[in-house]
Amino acid sequence: MPLLTLYKDDDLADIAALVNGAYRGETAAQGWTSESELLGGQRTDEASLRADLAAKPGSTLLTFRDEAWEKPFACAWIEPQADDVWYVGMITVTPTRQAGGMGRAVLETCEAYARARGGKVMRMTVISVRDALIAWYERRGYRLTGETQPFPYGDDRFGLPQRDDLAFVVMEKGL
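Being a predicted model, the structure only gives us computed values, none of them experimental.

*Asks:* Lay out the nonpolar core with the relevant residues and their values.
*Replies:* Membership of the largest hydrophobic core comes to 26 residues, with the highest contact counts inside it found for Val106 and Tyr137. Of all the secondary-structure elements, those providing two or more residues to this core are β3 (60–65), β4 (74–80), β5 (85–93), α3 (102–116), β6 (121–127), α4 (131–139) and β9 (167–174). When residues in this core are grouped by element, the largest group, 6 residues, is from α3. Those residues in contact with Val106, other than ones at most four positions away along the chain, are Phe64, Ala74, Cys75, Ala76, Ile91 and Val93.

*Asks:* Give a description of the pairing of β6 that names residues and reports values.
*Replies:* In terms of residue burial, β6 counts as a mostly covered element, since 5 of its 7 residues are buried. In terms of strand pairing, β5 meets β6 through 3 bridges, oriented parallel. When the sheet's bridge partners are listed, Val85 is paired in β6 with Val121. A crossover links β5 with its parallel partner β6, the connecting element being α3, and its sense is right-handed. When β6 meets β9, the two strands line up antiparallel, connected through 7 bridges. From the neighbouring strand, Val121 faces β9, where its bridge partner is Gly174.

*Asks:* Account for the state of the cysteines, naming residues and giving values.
*Replies:* All told, the structure shown has 0 disulfides when counted by the stated rule. The thiol of Cys110 is unpaired, and the distance to the nearest cysteine sulfur, on Cys75, comes to 9.2 Å. Residue Cys110 is classed as buried on the basis of its relative accessible area, which comes to 0%.

What counts, and at which threshold
- Residues numbered from 1 in each chain as written.
- Predicted model: local features only at pLDDT ≥ 70, side-chain atom pairs only at ≥ 80, totals over all residues.
- Heavy atoms only, no water.
- Core = buried A, V, L, I, M, F, W, Y, C linked by side-chain atoms within 4.5 Å.
- Buried < 20%, exposed > 50% of the residue type's maximum accessible area, 1.4 Å probe, protein only.
- Helix = DSSP H or I, 4+ residues; strand = E, 2+ residues; numbered from the N terminus.
- Contact = heavy atoms within 4.5 Å.
- Pairing = 2+ DSSP bridges.
- Right-handed = clockwise from strand over helix to strand, strands pointing away.
- Disulfide = S-S within 2.5 Å.

And the structure:
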């Protein structure tokens, strides 16, 4: 049975490696969440995670690990926002454990975490051209809000865009 834990400071390097591997690394091709055809370079790093956690009070990283395995195999960023809205992002499952319901379990755990802290709405952003991922979230009850946000071109912390038509769509779900 996977263990849910809040991140520890010494987990941040492992979390960055997990996220980069699942979204853009060599192992990303083993899973369906790869975005390497859209973005090169890293998705995050330890310093960025540490800075974001310090800058956003109440934010945390939820991690999932097996009892026998010290490093997390799944994680997600969760952040309280205004008006009982919570943001969830960076939902990551190592590619070898995808397609077994773990992504759904991570998302549901994030929703329960927010709900237990008074959250009424969960929001997220998804790269607009990730049709399969958007459809997956829609099957989990999320809906497109019609709102978009620009992709941070020129900010290498988010990777190296391979296309010039990237943007984020905003999705939300009532909790």
